[in-house]
Amino acid sequence: TNSYSETLSLNDILTNLNKHPMVGAYEAKIRQRDAEVLISQGAFDTTLNLESYNRTRGYYDGKYSRFALSKPIRGIGGQIEGGYRIGNEDFPVYEQDLETLSGGEMFLSLTVPVLRNLFIDPQRAMVIERKIASEIANQDIKNFRLKLYAQAAKAYWNWVEKGNNLLIVSSITDIARQRQEQLDKRSKLGDIPELDAIDANRALMKRKADQTKAFQEFVASSKTLSLYLRDHAGNPLQPENFKVPKP
């Protein structure tokens, strides 16, 4: 079912054109691009780092644990990190940097690039790239909608033209048929020469050919219009279910 009027209007078509499958495909592409932007921004999320180091054998029995929160600084390509670490018992000389006081120690560090990665780095470049891709996808669907509206309007007015042309040609054919029947009767009665009836029949054949052509053109225009005709749920509709508006 649909809420269209009996006579199909251009507004009926354009109102539900967003239900067209191709529009749905473009919208899915936009959602994909937006998801990719969100994923790329995840590179700047705060991360929790846990580290534990215990010797299970050997002369040294040093134990080391480290807990830290780190947060990338997007604007300058740096990173801030803070946390707590503790290392006790015995460590070899080459691991003395793991040793702390018995109560452990808190730490806070800020890393800022001097030149390399100061203005751009792979993570920020990825965010920019994904945002541009998302903007392009949004512009693509706007351009497609405009193109789709133009194509739908062209198909509609062609359908209206072919439909009204079929009505006119059919009316002319009916008149030619009536005239031919009248001339046949008069020819049989001898009121007019037989040649007049033959000429009328020839004219009727031409009108019938014109009518057949007009019908074929109307059917073709209906098939084209059906590509854009949807109900409120997005289901396709057939133009044959509606009347062609008259001029």
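What counts as what
- Residues numbered from 1 in each chain as written.
- Predicted model: local features only at pLDDT ≥ 70, side-chain atom pairs only at ≥ 80, totals over all residues.
- Heavy atoms only, no water.
- Helix = DSSP H or I, 4+ residues; strand = E, 2+ residues; numbered from the N terminus.
- Rg over C-alpha atoms; globule rule 2.2 N^0.38 Å.
- Buried < 20%, exposed > 50% of the residue type's maximum accessible area, 1.4 Å probe, protein only.
- Contact = heavy atoms within 4.5 Å.
- Areas by Shrake-Rupley, 256 points an atom, 1.4 Å probe, with all protein chains shown as cover.
- Lys, Arg positive; Asp, Glu negative; His and termini not counted.
- Charge placed at Lys NZ, Arg CZ, Asp CG, Glu CD.
- Pairing = 2+ DSSP bridges.
- Core = buried A, V, L, I, M, F, W, Y, C linked by side-chain atoms within 4.5 Å.
- Axes fitted to C-alpha atoms, helices over the stretch in contact; angles between N-to-C directions.
- Parallel < 35°, antiparallel > 145°, perpendicular 65-115°, else oblique.
- Left-handed = near helix turned anticlockwise from the far one by under 90°.
- Nonpolar A, V, L, I, M, F, W, Y, C, P; charged D, E, K, R; others polar.
- Phe/Tyr/Trp six-rings, centres within 6.5 Å; stacked < 30°, edge-to-face > 60°.
- Salt bridge = Lys/Arg side-chain N within 4 Å of Asp/Glu carboxyl O.
- Expected span 1.5 Å × (residues − 1).
- Patch = residues over 30% accessible without salt bridge, like charges linked within 9 Å, V, L, I, M, F, W, Y side chains within 5 Å.

S.K.: What should I look at first to understand the overall build of the chain in this one?
M.R.: The number of helices and strands found in the chain is four helices and four strands. Each helix and strand of the chain, placed in order from N terminus to C terminus, yields the pattern α-α-β-β-β-β-α-α. Computed over the C-alpha atoms, the radius of gyration of the chain is 40 Å, more than 25% above the 18 Å expected from 2.2 N^0.38 for a compact globule of 247 residues. The principal-axis extents of the C-alpha atoms in the chain amount to approximately 135 × 40 × 30 Å. Residue burial in the chain is summarised as follows: out of 247 residues, 32% are buried. For the chain, the share of sequence-separated contacts (at least 6 apart) that also reach a separation of at least 24 residues comes to 64%. Surface summary for the chain: the accessible area is close to 16400 Å², and the carbon and sulfur share equals 56%. Placing the 34 positive and 31 negative side-chain charges of the chain at their respective mean positions leaves the two points 8 Å apart.

S.K.: How should the pairing of strand 3 (residues 78-88) be read in this particular structure?
M.R.: Consecutive residues of a regular strand have side chains that alternate between opposite faces of the sheet. Bridge analysis of strand 2 (residues 63-73) against strand 3 gives 11 bridges, and the strand direction is antiparallel. By the bridge assignment, Ile 73 is partnered in strand 3 with Gly 78. Hairpin connection between strand 2 and strand 3: a loop of four residues separates the two successive antiparallel strands, and Gly 77 in this loop has a positive phi of roughly 70 degrees. Of the pairings in the sheet, the one linking strand 3 to strand 4 (residues 105-111) comprises seven bridges and is antiparallel in character. By the bridge assignment, Arg 85 is partnered in strand 4 with Glu 105.

S.K.: Quick question: what am I supposed to make of the nonpolar core here?
M.R.: The tendency in soluble globular proteins is for nonpolar side chains to be buried as a group. Counting residues in each nonpolar core, the largest one holds 26 residues, and the members touching the most others are Leu 8, Ile 13, Tyr 156, Trp 159, Leu 225 and Tyr 228. Counting only elements with at least two residues in this core, the list comes to helix 1 (10-15), helix 2 (21-41), helix 3 (122-189) and helix 4 (194-226). With 12 residues, the single largest contributor to this core is helix 3. The contact partners of Trp 159, leaving out residues within four places of it in the chain, are Leu 8, Phe 218, Ser 221, Ser 222, Leu 225, Pro 239, Phe 242, Lys 243, Val 244 and Pro 245.

S.K.: Is there a simple way to explain the packing of helix 2 against helix 3 in this structure?
M.R.: Two quantities define a packed helix pair, namely the angle between the axes and the distance from one axis to the other. One can describe the packing of helix 2 onto helix 3 by two numbers: an axis separation of 8 Å at closest approach and a directional angle of 165 degrees. Regarding the angle of helix 2 to helix 3, the classification is roughly antiparallel. In this structure, helix 2 meets helix 3 at a crossing whose hand is left-handed. Per-class residue counts for the contact of helix 2 with helix 3 are 12 nonpolar, four polar and nine charged.

S.K.: Please explain the packing of aromatic side chains as it appears in this structure.
M.R.: Where two aromatic rings form a pair, the distance of their centres and the angle of their planes describe that pair. Inspection of every chain in the model, using the stated rule, returns five aromatic pairs. On the basis of an interplanar angle of 20 degrees and a centroid distance of 4.6 Å, the ring pair of Tyr 26 and Phe 144 is categorised as stacked. On the criterion of sequence distance, the pair formed by Tyr 26 in helix 2 and Phe 144 in helix 3 is long-range, its members being 118 residues apart. For the pair Tyr 156 and Trp 157, a centre-to-centre distance of 4.9 Å together with 70 degrees between the ring planes defines the contact as edge-to-face.

S.K.: Just checking my understanding: could you explain the pattern of salt bridges for this structure?
M.R.: Proximity of charged atoms lets side chains of opposite charge pair with each other. Enumeration over the complete set of coordinates arrives at 10 salt bridges. A salt bridge links Lys 243 to Glu 6, with the shortest nitrogen-to-oxygen separation between them at 3.3 Å. Taken together, the residues Lys 243 in the segment after helix 4 and Glu 6 in the segment before helix 1 connect sequence positions 237 residues apart. Owing to a relative accessible area of 48%, Lys 243 belongs among the partly exposed residues under this scheme. On the basis of relative accessible area, Glu 6 is assigned to the exposed category, the value being 53%.

S.K.: Sorry, what's going on with helix 4 here?
M.R.: Given 3.6 residues to a turn, an α-helix orients residues that are three or four positions apart in the same direction. Here helix 4 is 33 residues long and its end C-alpha atoms lie 48 Å apart, about the 48 Å a rise of 1.5 Å per residue gives. Considered for burial, the residues of helix 4 that qualify are Ala 197, Ala 200, Leu 204, Ala 214, Phe 218, Ser 221, Ser 222, Leu 225 and Ser 226. Structurally, helix 4 contributes buried residues whose contacts are with helix 1 and helix 3.

S.K.: Quick question: what am I supposed to make of a nonpolar patch on the surface here?
M.R.: A grouping of Ile 76, Ile 80, Leu 108, Leu 110 and Val 112 is seen on the molecular surface, where their side chains present a nonpolar patch of about 450 Å² in accessible area. In this fold, Ile 80 is placed in strand 3.

S.K.: Quick question: what am I supposed to make of unusual backbone geometry here?
M.R.: Glycine aside, residues mostly have negative phi, and peptide bonds are mostly found in the trans state. In this model, Glu 89 sits at a positive phi of 70 degrees, which is unusual for a non-glycine residue. Its location among the elements puts Glu 89 in the loop between strand 3 and strand 4.

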